[in-house]
Structures are given as structure tokens and as C-alpha cells.
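Remarks on the overall topology
Here are the chains, one letter per residue:
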There are 4 protein chains.
Amino acid sequence: MIKFSIVGTTGYVGIELLRLLQQHPEAEAACLISNSQAGKALVDLYPQFRDSKFSGCRLVNYEEADLSDTDIVFTALPHGVSQDIVAELYNKGLKIIDMSGDFRYTDTAVYEKWYNEKHKYPKLNEKAVFGLVELNREKIRKADLIANPGCYVTASLLGLIPLVTKNIIDLDNIIIDAKSGVSGAGKSLKITNLFNEVHENMKAYNVATHRHTSEIENVLSELCGRKGSEGIQVLFTPHLIPIKRGILATIYVDLKDKYSQEEIMKIYQEYYQGEPFVQILEDEMPEIKQVVGSNYCLIGLKYDPRTDKLIIITALDNMVKGAAGQAIQNMNVIFGIKENTGLEARAVYP
Amino acid sequence: MIKFSIVGTTGYVGIELLRLLQQHPEAEAACLISNSQAGKALVDLYPQFRDSKFSGCRLVNYEEADLSDTDIVFTALPHGVSQDIVAELYNKGLKIIDMSGDFRYTDTAVYEKWYNEKHKYPKLNEKAVFGLVELNREKIRKADLIANPGCYVTASLLGLIPLVTKNIIDLDNIIIDAKSGVSGAGKSLKITNLFNEVHENMKAYNVATHRHTSEIENVLSELCGRKGSEGIQVLFTPHLIPIKRGILATIYVDLKDKYSQEEIMKIYQEYYQGEPFVQILEDEMPEIKQVVGSNYCLIGLKYDPRTDKLIIITALDNMVKGAAGQAIQNMNVIFGIKENTGLEARAVYP
Amino acid sequence: MIKFSIVGTTGYVGIELLRLLQQHPEAEAACLISNSQAGKALVDLYPQFRDSKFSGCRLVNYEEADLSDTDIVFTALPHGVSQDIVAELYNKGLKIIDMSGDFRYTDTAVYEKWYNEKHKYPKLNEKAVFGLVELNREKIRKADLIANPGCYVTASLLGLIPLVTKNIIDLDNIIIDAKSGVSGAGKSLKITNLFNEVHENMKAYNVATHRHTSEIENVLSELCGRKGSEGIQVLFTPHLIPIKRGILATIYVDLKDKYSQEEIMKIYQEYYQGEPFVQILEDEMPEIKQVVGSNYCLIGLKYDPRTDKLIIITALDNMVKGAAGQAIQNMNVIFGIKENTGLEARAVYP
Amino acid sequence: MIKFSIVGTTGYVGIELLRLLQQHPEAEAACLISNSQAGKALVDLYPQFRDSKFSGCRLVNYEEADLSDTDIVFTALPHGVSQDIVAELYNKGLKIIDMSGDFRYTDTAVYEKWYNEKHKYPKLNEKAVFGLVELNREKIRKADLIANPGCYVTASLLGLIPLVTKNIIDLDNIIIDAKSGVSGAGKSLKITNLFNEVHENMKAYNVATHRHTSEIENVLSELCGRKGSEGIQVLFTPHLIPIKRGILATIYVDLKDKYSQEEIMKIYQEYYQGEPFVQILEDEMPEIKQVVGSNYCLIGLKYDPRTDKLIIITALDNMVKGAAGQAIQNMNVIFGIKENTGLEARAVYP
């Protein structure tokens, strides 16, 4: 059995970890930490966990948590706050999967520029492994600190990595038009997250300035060996859509040479062969309803001979493959168990 | 292993059966029958089943289906149509769980009155067991034909049975104001099911004439030994709400004597003690988000001393406890395996 | 021209007043008051008012507002807070339409009991007129202080008044099961108002304890001359539904004698004859989509011969007939102009 | 008074025309034509028109309609079907505003290619004026046949015309990523329009092949004098979003030279100066909730110095500025009355 703890249990990501781990045959809860709700019974806040394997759990304060028999900790905290906790846990010898943006950059300077604050643990940052399993499976096996990728980042990278690896697109004209459900914004009390402001509405936000831009660029640049001011620059536009879960990323690239639809398809199929959670659709584009509640990422492809552009569309559930599910996938890799353990659920439809 | 077949696979209930059975360790697909989609691969219609245990399945015609190694058949067909198929399967010696209204009435005459058509198999109807496990667990164990209860009916009965059993309410003033998500209407092409007609809308429908009224009355009347024109009459008002899944039933009854909130609570807790899927909330009323995607029914209670009325609110997912999940619960009982096998998933939240 | 001011302009009700008054040919803005946004231009907060007759408006502080040429003030403030402002404005000789619950009760004691606080201006409260135009049109003409009715209250009373006036129902068994969109909760920052908590969810709240219960009872009791402990008691259950606008009230009553559907229909048609904003449907029940964005209240009726109960369903837009539209209707009556001036818009459909 | 008739009254566009014309002081209904609902009273289908100026209207068959005193006809029919009706009406000497795609192309060959059928009235097509008032106001004044622009087309063109007119962007790298509410799909009975298929879902459709692509290209090409195979080619990707009304178009272009954000802003402000329905936002991006129910198109701009791209975002209500409102704007221009007559309503918020 893997004994896990969560820091930040009562936010959406924490609860999603519990929902998924409830069906994970190898996982057992050690400490469920929540400073805001410490002392309360989990089931009093979330009655859906009655009679579950977590039904006896009580939330504890971080300061009072006994992590002595914990094998792995999920830290589901805001960036900045997360750093200190992660450093402390790391120094205690614990394995950590961090859901924040704090350890996702190989180049600490990029983090500091986009997050506009000093990183307090640059040394630790160097040890962190970016937890996109499809890219870093071998490194993850041996890692002690995983930086779980951002949700938009996962959707964008899974769509772009095969092309960048193959070096067949113009790296200076990548456009990612991404649409996200509202759960990506977390359980925070902002006017912009109110039902009345979101429903029957849609909008773009942080246009040309969203932090996930840099996270995408960081990985792609490294993939093709570009550094610093030579790094790849993408144009990333996030939109808020009135659904709870799901990201649809519509990606536009220019192909350097002529390719048929079939050749493109083959590149993706080969790249993702054997991957348990990435699926290439034929002759259709993915829809959010095909992934909600599941850890799958679906990819659709369309080559437009008129404009010589390739359109790649990826769909995933931001709470699962974009957050909690991917974290558990990382956990499974670290502990050497079957990668889809506890993650076999399929889309809840309709 | 239990080998199951489905007649009517590609409707919402059929697909929900597959979603749930995909995670049922004892279930294996024999024939997935769909006359409208026969010949197609399941994954071409529903890509969410790629790489699943059903990924190799192809839909077959009912007439061509080989059911020789099938242990149990789920019939997910419209009422009327279902009768003939069920009779045929029954005569072949198959166990059947029927999702339609065709075999839910102990009194065939009531069926004929509310459905306004002759029942072709009254004899078979007498052999059918009404598949509300919380009421008929023992009969279900030995049954060959289960009539899976209607979704509204399940939500209403689970709220009323403890009171009727205890004989503590006025049986002539029961009001059930029920609200349902749209998946209850199935995948049928009607103007009233269009997104543009449903979204940002709500309405009551079939006021005072909905067929589920009679299904509720049939069970309650039998429970307290009332028959024919002496039978219990309830006022049942269904409403359509712009959500996909979920039923919330607000039930109003008059208590014959004075009871405290605690006494009422105790009656329910005792009645449902040990039930794996019914939970009584304390000091709060259930919300749909606490059950979506799960087989649980939550019940909240509020005694109003001003009007001497008791308000009972029940919440369940009409696709799971109200249809496919309850059917699998019945299957588990029939085959003597743990009742919650394959049904342990908790609410998808948010 | 009628010069109006608003206290509490930037909340949902304030903005809805502006949306409607923008199309009112006789209305002109004097002061748009908002202490939280004072100094800002209206169009910077709400770009939809660019190039409108309010496009030059800047929000001002209550303390600094010059109300010398104001004819009427709409106070859109929380109860309790509203009292002091209303008293002050009243003493300045201004006409006021108050959107809060502070002046809606003829019996101050009932207010104090349900709102659990002392009313500071009981004398003023006696002068206030309850602004349900369909009930109090003549009194409103001469009023200086209008208490604009609550949204649930409007939906409930318009459904019940004809029956209570005719004295044909059992006054001890009235059940109102009401469903509301989320805009009724205002623009307040609460977890329960977040998109992720409301969407694909529904719930009952304040069961048997919602304040609007007493507001409904206060009017009905007076209508039939019942007082104090003899007053009518209704059971009122509000539900939150994932739509932005709209209330659907499903009302259950027992008729004292036998009536045909036609007789009931006639009672309503006669009672509301000539009313510009109340419409009785024949052979159908109202839907929210038929009233969204408009000041109309639709009423549907169904007599159930099985249970001898009458089901009345009313539908209105809580932001219009339930708040801002009704306030303007009151204003029109006070100033003796055509009652539907500025309120002629029909439902936005789909 | 302008006497109008509608062919295709009971679809969404027809009803939206009535909703808007109900508040148009110069418009009066002549014939409301609907072959599918002929003989029925309008208010029996749409109770929201009770007591309105259309409350006496009965739907009539096209063949039986007396158009002798009609000044202008709105044809709200599917393309293909529309041609014959329009030709017939034109020959009777009637002015026509056609909502279909049939007469929107200056180059008939482009129509025939993208719609994959022969145009039966190429001569008439040459006489039609493309009804984007902001582009063709003078021509519209004298036109007898207006082709009302497509909804996506309006959103795209209003965002691009200033740049193309100024000739400051690379015409070979225009990407339009558009998101639409479901009302754009009309009231047609398709599985893909069902609530259960659309809600909590999103998807792209007709990727790289949507007909509106050619309509956009046709106008832009003409604007810069490019013809035939030299014509501008844009990449247009429509997405379906679970809202009823609204289009958000996110447009990506490459600037040929360096411009500051201010310079770009000034170009748009100058181009649209005096336009009653186009508004350029400063320092913010438009949201659908700012335009729902209104005839306004809001435009936001963001120059990204990192990638040298300009992002233009436009928002409009597809039922109003994208269909019925724009048609009435055209009508107003034709009859020489104030352009915003009947179109002054602002966004319904929240």
C-alpha cells in the first residue's frame, strides 16, 4: 500500500485526488491536511465520502500533521506558498508531487520573470522533474519531487510535442487558442467566478500574458535545444467557458513541408503508441464530453491544404489529466505500479 | 465472470451501463445489441471506450445476436417495445433486468390504465420483481425478471417508504415536487430536448398526469395493504431543470402525531441501517452535486413545527441510482456478489 | 421628465434598473450612487452603457450626492442598511421605492421576528405601501414610500391572491415549492454562489425558515382579515436552480368545494382582467423562457380531480417583475403615466 | 409606418425579428408567414406576444399570403430554399432582406463552390447588396435586395476590416478562432443540438471547411482588390459553446510593421467613429455578457510585442447583430430612419 498525504485537501484539486484515490486499490490516506478546515470530519464537508475508505478521516493542521508513515505527499497549494512547504517536506525525505507552478521551470529565471517574484529554492528547483509522464517517464521513476504540469500546459504540449520532436513546423508561428472550464480557477472567491458572471458568458483573459505561456515555451525550447532569448515563443490565449470541467486547445501551426493528412496522423500515432492516456482520433475532432471525469487526452488533427496550416485540437479534463489524475499517474510511475491503476474511469456521458 | 448483454446499447442508459460495467471486475460483455447502429464498432460511436475492456465490441442486430453464453440481459428499450423482447428472452431461459415501465406493476390493470394500452404478457408480469433493492432484496435474489424502477419513482419511494412502513403520516396528502435533469428524457429527437429550449429555462410538465405517479402509488399502496380504489393517491409534479443528471425530490407530508426532528431522523436511520447506497444527512439538505456520477441516494429531513409538516428531500443521479447503477445493483444481488461491486465511485465534484 | 436616483447602483438590481430605464422615455438620471465605486465612470464598469443616455454618468458617494432635483429614489441596498438611508431620504421629502425587506410588513413585529432585529423606524414603516401594483394600485398612486415586494413573494402572491380573495381554498394547507435562478442572490461573494458550486447542481435552502415566508403570510393574512396568531401559515420551500434569471413557483392548495378547471380559470381571468403584466395561460403551464427579460408574470392552472388539489404555477423574471421592473411599474403608477411605459420588452428567446 | 412581412416566422430568427420589431415604433406587421404552422395564432405558439402589437396575428401560408401592402419582406429560410422565394418576391417589386447565404457573394462561382450547388439566379445575385451596414451603408440605402451577413462573418469582418482597409497586415496569415452559442444552429432537430449533447461540452466543427470562411474571404478580397485565385485565404475555425446566444471571435494577424497598442487602437477608433453599434474597448477584452440581447459589437485589441502579432477579439449576439438586429438596421437605412430605431436595448445582465 502507498500511504499518501495531501496538503490543501479541501480545494477542488484535493477533493478530486480523494475521488480518484478512493478507487485506487493501492492507496491509503495518511494525513489529510487543511489549515482552514482543521478539526472537521471530511464527510461533514463532503458527504459524498460517507462509507468510503476515507469516511473516518478528519482534517488536520499542517503544523500538527504526523507524516512519519507517509510515502508521498501531494501539495495542492497556491504558487509561492507551495515553495516553503515543498522544501520542508523534501528536507524530511518525503516524496512530493507539487501541483503549483513553483517547480515547473528548468530555468529559474523564466519562473522569476513570469511570476514576478524571486524563487526561494533554486537548488531544489533543479532537482524537480516536470511530471508530464508522456515526456519524462524515465526521469519520473527516480524522482523525489515532481512538478505536476499546468492544465493548459498539458493540453498544449501533448498536441505539440510530436511535431516539435520531428522538427517539421515553423517554430515562430505557433498559436494556441485554449478554452477552459471554470474549475481551473479553483474555489476562490472572486466576482469573476460567480455563476451570474460566468454562465451564458465567455471571454478571453490574460491575453498574451498568461503564465502558462512560459511553461509551454520552457518545455518546447528545451525539446529542440533552444535557449534563453533563442527560445521558442508561442502565442497562447486562454478563454473562460461556462462549463465546470474541460479544456479544449485549438492549436495552429505552419508545416515546413507538404504533408498529407495521413502522414501527420502517422507521426502522432507512432509518437503516442503504447501511451495509456493519449488517443489519436481519426476523421473527427475531440469533444469535451468524451473526456469529462477521465484521465484521457484525445487529439484530433486537420491539415488544411488551402492555407498549408495544421490544426491540432486536444481535449482533456483539467481536473483529471490536467491536475489530480496526472498526479496519480506520476505516483503510479514512481511506485512502479501499473500506470493506469485507479485511473480507468471513462467519460461521464451524458 | 458474469456475461451480460444489452439490448438498446447506444442510448444513454446503455452507454451508462457500459461506463459502470467497465469498472465492474466480474462483468464481461457478451452481446451489445443495437438495431440502429448494428455493424459499427462501439469506439467509433463512443471514443471514450478506446482501450477499454469493451474496445473490441461491435454492435449487433437483435435478430442476429448469439445469446447462448449470456448470463443476464439488460433491456434498455421504450415501454411497449420492451415487452416482446423481454418475453422472448425469458422464454429462452435468460435472466433479465428490464429498464422500461412494462413490468413494474403488480396490478396489470394499473399499467394498462396509465399507459393506455393492453399488456401482452400479464402472466409474465406477475413473475417480475420490482427492483428496488432496499425494498425487495430477498425477492430479487431469486428473480429471473427484474423491473428496474423508474428514476422519479426511486427518488420518491426512498423518501417515503420509512414513513409509510411506520404508518405515521396522513396517506391522503402526499405531495412530491420533483425536479429532474434532462438525461431522463433520453436521446430522443424532440424540440423540447434541444439545448436552446432547455437552457436557462425550467418548467413543470405532465402535471398531475405523469405515469410515474401510478408507479409510486402502486408500491406505497401495497406496502400498507391498500388495494384498488382504496389505494394511496399522491400528487406528483415533475419539473425539467437545465442540468444533465440528477433528480431532487421535495416531498411534503403531514405527520399524524407530533414528532421531534430527532425522532424522525432516527426512523430513517434505523430503516436504512446497513444499506450501502442510502444515506441520511444530518442538519443539511442534499444537493445534486453530492451524487452526480454515483449510485448514492442522499436524504435530508426537516420537520416544520409551524405547519406540522415534514419535508423530505432526496437526491440521486437519475442515470445511476435512477437507472443503470440500480440495474447493476440488482445484478449483483442476483449473482450473490458484494452489492456495491463496480458501484463504488463517488460524486464527480465540482 | 422624471428624474430618478439610485442608491446602490452597481449591484445587479441597480444595473437592471438602468437597463430598463434606458428605454423609458420619461426617465432621466439624476444621481447614480455607489459608495464602493464612487468616482468611476459607469461605462468603465459596464461597457454596455456606452453611447446610451447614461453614458456620461459617473458614480457618486451617497454622502456627496446632490439630490435636490431628484423626483424619486430607488434604494437597492441590503435590509437593515436600507432603513437609515430610506428614513433620511424620506425626511428630505423625496419619494422612495425601496427594494429591501425593511418596509414590507404592515406588522412591524413580524419583521422583527423573522429578521431577528429591531426595526428602527416603525412609524415610517406604517406609512410605507407594499408595492404589488396588482393589489395596491390605488394606494401606490398616493404613496411616498413604496416597499417593492420580494421576488419569491411576487410569484407566490400573484398565484394565490385570486383564491384567497374568493375564499375558496383551505388556508391551512398551502404549499409553495419555488425555484429560483441565481441572480436572486445578488452579486455577493459567497462560496455557494460560485459557478462551480451552482452549475449542474440544484438544492433546496432555508427550508421552512426563509424570510419570504412571512412576507407572503403577512399579505395573505391581511387579505382575509386574519391577525397575529390567527394568521395564515404557508409552507414555502425555495430551491436554487442553475439559471441566471427566473422564478417558477409551484403552488399546491386544497379547494374547499368541487370546481371544474374552467371555473378556476374564469376566477383568475376575471381577477386579472385588464392587468398589463399578468397573463393566464390556457391548457399549458408557463416556462421561464417565456418571461426572461420581461416584466410579465404567466400563470398556469391545473385542477387534479384525483386528489382534489389545485396546482398553480407562476413564472416571472426575478430581476424584472421580481425587482427592477416592478419598481418601475410602481414609479409609473406614482407619476400617473402609462403603467407599461419602458416595460414593453418581451421575453428574450431562445 | 413600415409594413413588414416575414417568411419563416416561427424559427428562432423569425421570432427574434418579432421581439425586436415589437419595440420598433415605425414597424407594423403585414403577413407572418409559416408554412409549417399556418393557421395557428402566434400567441398560442409564443405566449410572450400576448397583449403585444402582434397579439392578433395568425400565421399564414406563403402561397396564400397577401403581400400587396407589404413594404419589405424578411426571408428567414434555409439557403437554397430561399433563392426561389426571394426571386419571386423581387419580381413582385418587393424590397427584401434575405437572412440566408444565397445572395451574399459578389462572385457567384464562389457560392457555387462552397455550397456545392448551382445558383439559380446569378443575375439577381449581382443586384444584391451585402448588408454589413458599417461597410456598405450608401449602397444599402438604394438597395432592393439585401443579403444579411452571416453571424460569424459579421463578427470576423468587423474585427478585420480596419486592418485590411489600412493595408497593414500580412494577408496570408489570418486566423479566426470563433466560438458560438447554439442558437446559431437554429431550431433544427439534430442529435448534436440536444441539451444532453451540448451542455458541459464544447467542440470545434467543420474545421477548415465551414462555409462562412468563403463569405469572409469574399468581402476581404474585394476590399483589397484581390480576385479569384489571388483572393485572400483565411483559416476559420468555428466552435460550439454551451450558451444560447453570443459569438466571440478571437482573431490573430501579423502586422507588417511595428505599431504601438495606441496606434492600433486609434486606427479602429477612427474607422468606426460615429458608428452606432460598434464600440472599441480600451484596456479590456469584450465578454459575451456585455452584448447579449443587444445589437452592439464590442471590439478589444491586444498587440503582443513578443510575437509581433495582434489579437483582435470581437463579441456580438448572433441573434441580434449577427441576424435579426442587423436586418432591422438594414431596414432602417433603407427607409431613411434613424439607424438605431428599435435597436436601443442594452445587454441583459446578469
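Calculation rules
Residues numbered from 1 in each chain as written. Chains lettered and ligands numbered in written order. Predicted model: local features only at pLDDT ≥ 70, side-chain atom pairs only at ≥ 80, totals over all residues. Heavy atoms only, no water. Least-squares fit on C-alpha atoms with pLDDT ≥ 70 in both. Buried < 20%, exposed > 50% of the residue type's maximum accessible area, 1.4 Å probe, protein only. Helix = DSSP H or I, 4+ residues; strand = E, 2+ residues; numbered from the N terminus. Pairing = 2+ DSSP bridges. Phe/Tyr/Trp six-rings, centres within 6.5 Å; stacked < 30°, edge-to-face > 60°. Contact = heavy atoms within 4.5 Å. Buried area = accessible area lost by both parts, 1.4 Å probe. Salt bridge = Lys/Arg side-chain N within 4 Å of Asp/Glu carboxyl O. Polar contact = N/O pair within 3.5 Å; in protein donor to acceptor, adjacent residues only side chain to side chain. Nonpolar A, V, L, I, M, F, W, Y, C, P; charged D, E, K, R; others polar. Domains from an automatic or database assignment. Expected span 1.5 Å × (residues − 1). Bend = angle between axes of the 7 residues up to and from the residue.

Here we come to the relation of the copies chain D and chain A. Its rotation angle being 180°, the transformation that places chain D on chain A also includes 0.0 Å of axial translation and leaves an RMSD of 0.0 Å. Such a turn and shift between the copies fits a two-fold axis.

Before going further, it helps to examine the pairing of strand β2 (residues 27-33) of chain A. All names here are of chain A. Counted residue by residue, β2 has five buried out of seven residues, so it is predominantly covered. Across five bridges, strand β1 (residues 2-7) lies against β2 in parallel orientation. Within β2, the position partnered with V7 by the bridge is I33.

What follows deals with the packing of aromatic side chains. Residue and element names in this part refer to chain A. One pass over the structure, following the stated rule, counts 46 aromatic pairs over all chains. Residues Y111 and Y115 carry aromatic rings whose centres are separated by 4.5 Å and whose planes lie at 15° to one another, so their mutual orientation is stacked. Placement of both Y111 and Y115 in helix α4 (residues 108-115) is noted, with a separation of four residues, approximately one turn of the helix. Members of the aromatic cluster, connected to one another through ring pairs, are F4, F49, F54 and F74.

The subject of this paragraph is the interface of chain D and chain A. Across the contact, 49 residues belong to chain D and 49 residues belong to chain A. In total, chain D and chain A occlude about 4100 Å² of area from one another, counting both sides; carbon and sulfur atoms represent 58% of this. The three residues of chain D that bury the most area against chain A are E200, M202 and R306 of chain D, which together make up 19% of that side's buried surface. The closest approach of N and O atoms between K289 of chain D and E197 of chain A, which form a salt bridge, is 2.6 Å. Between the two partners, chain D and chain A, sit 29 residue pairs in polar contact (both at pLDDT 80 or more). Within the residue set of the side of chain D that touches chain A, elements represented by two or more residues are β7 (174-180), α8 (195-198), β8 (203-204), α9 (212-223), β9 (234-240), β10 (247-254), β12 (297-304) and β13 (309-316) of chain D. Per-class residue counts for the side of chain D that touches chain A are 23 nonpolar, 12 polar and 14 charged.

This part is about the interface of chain A and chain B. Counting from both sides, the interface comprises 34 residues of chain A and, opposite them, 34 residues of chain B. Summed over both sides, the interface between chain A and chain B buries roughly 3400 Å², with carbon and sulfur atoms accounting for 51% of that surface. Broken down residue by residue, the surface that chain A buries against chain B is led by R346, Y349 and P350 of chain A, which jointly contribute 24%. Inspection of the chain A/chain B interface yields zero salt bridges. Considering each element in turn, the side of chain A that touches chain B owes the most residues, four residues, to helix α1 (residues 12-21) of chain A. Of the residues contributing to the side of chain A that touches chain B, the split by class is 13 nonpolar, eight polar and 13 charged.

On to the pairing of strand β12 (residues 297-304) of chain B, then. Residue and element names in this part refer to chain B. With respect to burial, β12 is a largely interior element, seven of its eight residues being buried. Direction of pairing for strand β11 (residues 278-280) relative to β12: parallel, over a ladder of three bridges. Its bridge partner being in β12, I280 is matched across the sheet by I299. Hairpin connection between β12 and strand β13 (residues 309-316): a loop of four residues separates the two successive antiparallel strands, and D308 in this loop has a positive phi of roughly 60°.

On to the domain arrangement of chain A. All names here are of chain A. With domains assigned, chain A is organised as domain 1 (2-149 + 321-334) and domain 2 (152-318). The distance between the C-alpha centroids of domain 1 and domain 2 comes to 24 Å. Across the contact, 25 residues belong to domain 1 and 35 residues belong to domain 2. Overall, the association of domain 1 and domain 2 removes approximately 2400 Å² of surface from exposure, summing both partners, and the carbon and sulfur fraction of that is 54%. Put simply, domain 1 and domain 2 have three salt bridges between them. Linking R137 and E275 is a salt bridge whose minimum nitrogen-to-oxygen distance equals 2.7 Å. For the pair domain 1 and domain 2, the number of links is 18 residue pairs in polar contact (both at pLDDT 80 or more). At the level of elements, α1, α4, α6 (133-141) and α11 (320-334) are the ones that each hand at least two residues to the side of domain 1 that touches domain 2. Of the residues forming the side of domain 1 that touches domain 2, the biggest block, six residues, is contributed by α11. Taken together, the residues that form the side of domain 1 that touches domain 2 break down as 11 nonpolar, seven polar and seven charged.

Quick look at helix α7 (residues 151-166) of chain A now. Residues and elements named next belong to chain A. Between the first and last C-alpha of α7 there are 24 Å, a value that for 16 residues agrees with the 22 Å anticipated at 1.5 Å per step. At L160, α7 shows its largest kink, close to 40°, and the proline P162 lies no more than four residues downstream. With 14 of its 16 residues buried, α7 lies for the most part within the structure. Of the residues trailing α7, N167 is marked for its positive phi of about 60°.

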